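# Breakdown of the fold
Below, each chain spelled out in residue letters.
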Amino acid sequence: MKINGRDYRTIWLDSDGRRVHVIDQTALPHRFETKTLASCEGAAEAISAMTVRGAPLIGVTGAYGMALAAQSDPSDDAIAGAYAALLATRPTAVNLRWALDRLRALLLAAPVSVRADLAYAEAAKIAEEDIAACQAIGLAGAELIHKARGGDGPVNILTHCNAGWLATVDWGTALAPIYAAARQGAPIHVWVDETRPRNQGASLTAFELLGEDVPHTIIADNAGGHLMQHGLVDLVIVGSDRTTRAGDVCNKIGTYLKALAAHDNGVPFYVALPSSTIDWRIADGVRDIPIEERAAREVTHISGRGADGATFEVQLTPDGSPARNFSFDVTPSRFVTRLITERGVCAATEEGLKGLFPDLAG
């Protein structure tokens, strides 16, 4: 995707083939900055501080973190330590464990002398697989957008949080169908939830849509139900940080409320995800998916740009008022119209997922 006319991925290697570069998403949308990850510790910090975020990108960053670790010390103990440190950074998105398990198994089975090269090659492979999966999700979801068009006006799509190319290596998950359909000529308008408390919709999704010239409007998080009641939303598309084998989806906090509103108003509610986001070990998402709770300061404070162009943080709440910051919620499968994956669209059921991924379900 493009930033200021230049093609970017969210993560790439230096010319030395070893150091890792990422877009610093905490600086967007007001500043475009990149960071260099020169160690496993740097990769872990980038994930935990949300310099990079989005389940697929977290997984790829974790894979490169393992490669950086193997470059520094390819011993069994070092690989185990890197695995534990990276896994501890974000508990909810299953892509991280998926990628780390894949790297650990590969490295521990290989001679120490070739582990670093193998790790970099495997991390690059995971990145390319993510791009291909997201592009396929885009094409499958674009068909649903075309079918939703009922008149001369645009298809109005509501999304929540950021599940665009900034959340992956390229293309995105929930935004990939929007990009694909727009490039195919479909008239589209996107309602962009601001997505408190970190405002990934207002900052990141809007930033992406501006870059792709997709018409959009930023709305307060609680406006979605009102829009649906008045026929201003044709469909909802969101992403997922972890999907159970039964089709429950875990996404940014507030997604469940959008699903309830969509269900009440007969609005299709789609979830776009690559197969790496499916956790085949669990069926009940409400019971079994760990929900990350981040710092209360993300709720009590907010950052923005002043009239002088400088960015700064302000406090929203009274001194002494406590806050809690649950980062995700779970939408039960009964509220999900369909899942959009790299192998097509299916029902949000165990049978639906097994039908598309019989090779993974076991």
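Let us look at the structure shown here. (Residues numbered from 1 in each chain as written. Predicted model: local features only at pLDDT ≥ 70, side-chain atom pairs only at ≥ 80, totals over all residues. Heavy atoms only, no water.)

### Focus on the packing of helix 1 (residues 40-48) against helix 3 (residues 76-87)
Axes are the key here: two packed helices are described by the angle between their axes and the distance separating the axes. The N-to-C vectors of helix 1 and helix 3 enclose an angle of 15 degrees; their axes lie 9 Å apart at closest approach. Compared by their axis directions, helix 1 and helix 3 come out roughly parallel. When the axes of helix 1 and helix 3 are compared, the crossing they make is right-handed. Note on element contacts: helix 3 touches helix 1 through A82, A85 and L86, opposite C40, A43, A44 and I47. Looking at the contact of helix 1 with helix 3 residue by residue, the classes come out as seven nonpolar, no polar and no charged. (Axes fitted to C-alpha atoms, helices over the stretch in contact; angles between N-to-C directions. Helix = DSSP H or I, 4+ residues; strand = E, 2+ residues; numbered from the N terminus. Parallel < 35°, antiparallel > 145°, perpendicular 65-115°, else oblique. Left-handed = near helix turned anticlockwise from the far one by under 90°. Contact = heavy atoms within 4.5 Å. Nonpolar A, V, L, I, M, F, W, Y, C, P; charged D, E, K, R; others polar.)

### Some thoughts on the sheet that holds strand 4 (residues 20-23)
As summarised here, the arrangement of the three strands in space is 3-4-5, forming an open sheet in which the pairing is antiparallel. The open sheet has two free edges, formed respectively by strand 3 (11-13) and strand 5 (34-37), since each of these has just one partner strand. When strand polarity is set aside, the average angle formed by the axes of neighbouring strands in this sheet is 25 degrees. Looking at chain direction, strand 3 and strand 4 are connected through three bridges and run antiparallel. When the sheet's bridge partners are listed, L13 is paired in strand 4 with V20. (Pairing = 2+ DSSP bridges.)

### With respect to the packing of aromatic side chains
Evaluated as defined, the whole model comprises four aromatic pairs. Between Y64 and Y120 the ring centres are 6.5 Å apart and the planes differ by 55 degrees, which places this aromatic pair in the tilted class. Of this pair, Y64 sits in helix 2 (residues 55-72) while Y120 sits in helix 5 (residues 115-148); the two residues are 56 residues apart in sequence, bridging distant segments of the chain. Here the two residues Y64 and Y120 agree in accessibility, since each one is buried. (Phe/Tyr/Trp six-rings, centres within 6.5 Å; stacked < 30°, edge-to-face > 60°. Buried < 20%, exposed > 50% of the residue type's maximum accessible area, 1.4 Å probe, protein only.)

### With respect to the sheet that holds strand 16 (residues 328-331)
Across the sheet, which stays open at both edges, the four strands sit in the order 13-10-11-16 with mixed pairing between neighbours. Every interior strand has two partners, whereas the edge strands, strand 13 (278-279) and strand 16, have only one. Two strands pair when backbone bridges link them, and strand 10 (residues 242-244) and strand 11 (residues 249-252) are joined in this way by two bridges, in the antiparallel orientation. In the strand pairing of strand 11, R242 is matched with C250.

### Some details on unusual backbone geometry
Note on backbone geometry: most residues besides glycine have negative phi, and most peptide bonds are trans. With an omega dihedral of 5 degrees, the bond running from L28 to P29 counts as a cis peptide bond. Its location among the elements puts P29 in the loop between strand 4 and strand 5. Here the residue pair R196 and P197 is connected by a cis peptide bond, since its omega of 5 degrees sits within 30 degrees of zero. Checked against the element boundaries, P197 lands in the loop between strand 7 (188-193) and helix 7 (200-211). Despite not being glycine, W171 has its phi angle at roughly 75 degrees, a positive value. Structurally, W171 is set in the loop between strand 6 (155-159) and helix 6 (176-183). A residue is classified by how much of its surface remains accessible, and W171, at 14% relative accessible area, is buried.

### A look at the pairing of strand 14 (residues 301-305)
Looking along a regular strand, one sees side chains alternate from face to face of the sheet. As paired strands, strand 14 and strand 15 (residues 311-315) are joined by five bridges and run antiparallel to one another. Following the sheet pairing, H301 is matched in strand 15 by Q315. With antiparallel pairing between neighbouring strands as the criterion, strand 14 and strand 15 make up a hairpin whose turn holds five residues, including G309 at a positive phi of roughly 90 degrees.

### A short note on the environment of S327
Summarising the element assignment, S327 is placed in the loop between strand 15 and strand 16. In sequence terms S327 and E293 are 34 residues apart; their C-alpha atoms lie 5.7 Å from each other. Setting aside chain neighbours within four positions, we find S327 in contact with N251, K252, I253, I291, E292 and R294.

Remember, this is a structural readout, not a statement about activity or role.
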